[in-house]
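Summary of structural features
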Amino acid sequence: MPNAIIYVFSGTYHTLKTAEMLKNHLEEGHISVTIHEVCEPISHIPAPAEGDIVGFGYPVHAFNAPQLFLRFVSSLPPAQHNRAFIFKTSGEPFHINDASSYKLYRMLLKKGYDVVQELHMLMPYNILRRYPDGLVKQMVLYSDAQSRMLAMRLLNGERARLHYTLRHRLVSLIFRIEWFGAWFNGMFYRVDTSKCTRCLKCVHSCPALNISFDGSRFHFARSCTMCMRCAMYCPADAMHIGLLQPFKVNGGYAFSRILADPEIPVDYVNPKTKGYFRLFRKFFVRADAELAAYGITIPGHTPQPAAEPPEFEVFEAYQQEQAVGEQEQAGSAAANLAE
Ligand SMILES: Cc1cc2nc3c(=O)[nH]c(=O)nc-3n(C[C@H](O)[C@H](O)[C@H](O)COP(=O)(O)O)c2cc1C
């Protein structure tokens, strides 16, 4: 069995949590897994060995992969017979988040990776608003089940990629302005010294090495990735995050407590859900259909019948791409013969 290596960028540790779930499920299948958190200095992160299965995980930021993560991927040497998979988390279930992988996918292909799987999971928002405990429970339980499905697909040697429409890719491209936004907004970061206890958690945990303290003042370089780690985990809520201050979520989600609390129902989003969260239903119904195909169930959850047939566009898109790839290969084989 090959080994697996997972590279994960995770601002507030939500994607890291899904990477750990995945590691558990792969290890159940007797694959040994090493997780590397992507953070500065990226040059210290080891490259995969020949034949390793390589996972790339990130949180969706403005319909894109975080810039630091892509910088790391671009620093990797060419693949050596490596299969790869992509997984990502986002706070909202919409398809447009899928297009966030397009650039990463192209980069991996160029490096010679055989990208065999891609998975989109939901984890709670770390900016804009705090999600209710019920939705957090539902998201985490689904992510665990989906990561199990991903492990099974990898173990079975299956292929399933997401489909990025041209429209979504275009929106994703436009929103790449967030990379500039992170740099610009970073100029307005400051620490509220009346609240700060000088624990220096922000300094020591910033994945971009953007924050320093000289003994009397905090300094912010220009490498913020807007990952929200400093904002969410500051115990004194002393981090001022510039123009995003009104959207700050301070205090991590209590995942263990939420999962263990039997009073919190599993199906927060259900057929009776009204308002914005009603829009999440399609994601969960679709996931139910995919999970059922692998015999995976979620404890305490009754799968909801789909209002419409689930779209297995993943396979269709992959098949189309395979067909094109095979034609190209046939073309180049013919050209080689002609030479
Ligand atoms: C700057 C920023 C931009 C984000 N953009 C999106 C987005 O475009 N779509 C979405 O669904 N979630 C978005 N999110 C939410 C995160 O993807 C989500 O909370 C994720 O689980 C965070 O994972 P992490 O803790 O590993 O960083 C954004 C979060 C941040 C901080």
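Refer to the structure printed above.
Nothing here was measured: the structure is a model prediction, and the numbers come from that model. (Residues numbered from 1 in each chain as written. Predicted model: local features only at pLDDT ≥ 70, side-chain atom pairs only at ≥ 80, totals over all residues.)

Here's the deal with the overall build of the protein chain
The test is simple: Comment: elements are numbered from the N terminus, with helices defined as DSSP H or I runs of at least four residues and strands as E runs of at least two. Contact criterion: two residues are in contact if their C-beta atoms, reconstructed from the backbone, are within 7 Å.
Along the protein chain, the regular secondary structure elements total 11 helices and 9 strands. Excluding contacts between residues fewer than 6 apart, the proportion of contacts in the protein chain whose partners are at least 24 apart in sequence is 78%.

Examining helix α4 (residues 133-156)
Definition in use: In this scheme, a helix's expected span is set at 1.5 Å multiplied by one less than its residue total.
The end-to-end C-alpha separation of α4 is 35 Å, in line with the 34 Å expected for 24 residues at 1.5 Å each. Two residues or fewer after α4 comes G157, characterised by a positive phi angle close to 70°.

Looking at the site of the ligand
Filter applied, for reference: Only the C-beta atom, placed from the backbone, is used; a residue is near a molecule or strand if that atom lies within 6 Å of it. Ten residue types, Ala, Val, Leu, Ile, Met, Phe, Trp, Tyr, Cys and Pro, are classed as nonpolar, four, Asp, Glu, Lys and Arg, as charged, and the remainder, Gly among them, as polar. What counts as a domain boundary in this text is fixed by an automatic or database domain assignment.
The environment of the ligand is formed by 24 residues, the closest being G11, T12, T15, P59 and S90. Those elements that place two or more of their residues in the shell around the ligand are α1 (14-28) and β4 (83-90). The residue makeup of the shell around the ligand, split by class, is 12 nonpolar, 11 polar and 1 charged. The residue makeup of the shell around the ligand includes at least three contributed by each of domain 1 (4-172 + 264-338) and domain 2 (179-247).

Comments concerning the pairing of β4
Note the threshold: Exposure classes come from backbone-placed C-beta atoms, where a residue is buried if 20 or more other C-beta atoms lie within 10 Å of its own, exposed if 12 or fewer do, and partly exposed in between. Strand pairing requires that DSSP identify at least two bridges connecting the strands. Seen with the strands pointing away from the viewer, any crossover whose path from the first strand over the helix to the second strand runs clockwise is right-handed.
Where burial is concerned, most of β4 is hidden: 8 out of the 8 residues are buried. Burial of β4 is two-sided: the residues R83, F85, F87 and T89 facing one way and the residues A84, I86, K88 and S90 facing the other way are all buried. Bridging between β4 and strand β5 (residues 114-122) involves 8 bridges; their strand directions are parallel. What sits directly across from A84, in β5, is V115. Regarding topology, helix α3 (residues 102-110) serves as the crossover connection from β4 to the parallel β5, and that connection is right-handed.

A word on the nonpolar core
We count it as follows: Structurally, a nonpolar core is described as a collection of buried Ala, Val, Leu, Ile, Met, Phe, Trp, Tyr and Cys residues joined by way of C-beta atoms within 7 Å.
Membership of the largest hydrophobic core comes to 70 residues, with the highest contact counts inside it found for I6, L22, V38, F56, F69, L150 and M239. Of all the elements, α4 adds the most residues to this core, at 10 residues. Taken domain by domain, the makeup of this core includes at least three residues from each of domain 1 (4-172 + 264-338) and domain 2 (179-247). Setting aside anything within four residues of it in sequence, one finds V38 in contact with Y7, V8, F9, I45, L68, F69 and F72.

Notes on the sheet that holds strand β2 (residues 33-37)
Counted only if it meets this: Only the contacting stretch of a helix is used when fitting its axis, a line to C-alpha atoms as for every element, and angles between N-to-C directions run 0 to 180 degrees.
The parallel open sheet is built from 5 strands, whose spatial order is β2-β1-β3-β4-β5. Every other strand in the sheet has two partners, leaving β2 and β5 as the edge strands with one partner each. Averaged over neighbouring strand pairs, the angle between their axes works out to 20° when direction is ignored.

Section: α3
Rules: Directions drawn from the helix axis to the C-beta atoms are what define this arc.
Among the residues making up α3, those that are buried are L104, Y105 and L108. Mapping the buried residues of α3 onto a view down its axis gives an arc of 100°, with all of them on the same face. Opposite the buried face of α3, at more than 90 degrees from it, the exposed residues are R106 and K110. Positive phi shows up at G112, right after α3, with a value of about 95°.

Quick look at the packing of α1 against α4
Describing two packed helices takes the angle between their axes plus the distance from one axis to the other. Worth spelling out the cut-off: By the definition adopted for this analysis, an angle is roughly parallel if under 35 degrees, roughly antiparallel if over 145, roughly perpendicular if from 65 to 115, and oblique otherwise. By definition, turning the near helix anticlockwise from the far helix through less than a right angle yields a left-handed crossing, and turning it clockwise yields a right-handed one.
As a packed pair, α1 and α4 sit with axes 8 Å apart at the nearest point and diverge in direction by 45°. What the angle tells us is that α1 and α4 run oblique. In the crossing of α1 with α4, the sense of the turn from one axis to the other is right-handed. When α1 is examined against α4, the residues T18, M21, L22, H25 and L26 are found in contact with a partner set consisting of S143, D144, S147, R148, L150, A151 and L154. Classifying every residue of the contact of α1 with α4 gives 6 nonpolar, 4 polar and 2 charged.

Side note on unusual backbone geometry
The omega torsion across E40 and P41 is -5°, close enough to zero to call that bond cis. The backbone phi angle of L209 is positive, close to 50°, even though this residue is not glycine. Turning to its location among the elements, L209 is positioned in the loop between α7 (201-205) and β7 (211-213). The exposure class of L209 is exposed, given the 12 C-beta atoms found within 10 Å. Notably, M226 is not glycine yet its phi reads approximately 55°, a positive angle. With respect to the element layout, M226 can be found in the loop between β8 (218-220) and α8 (229-233).

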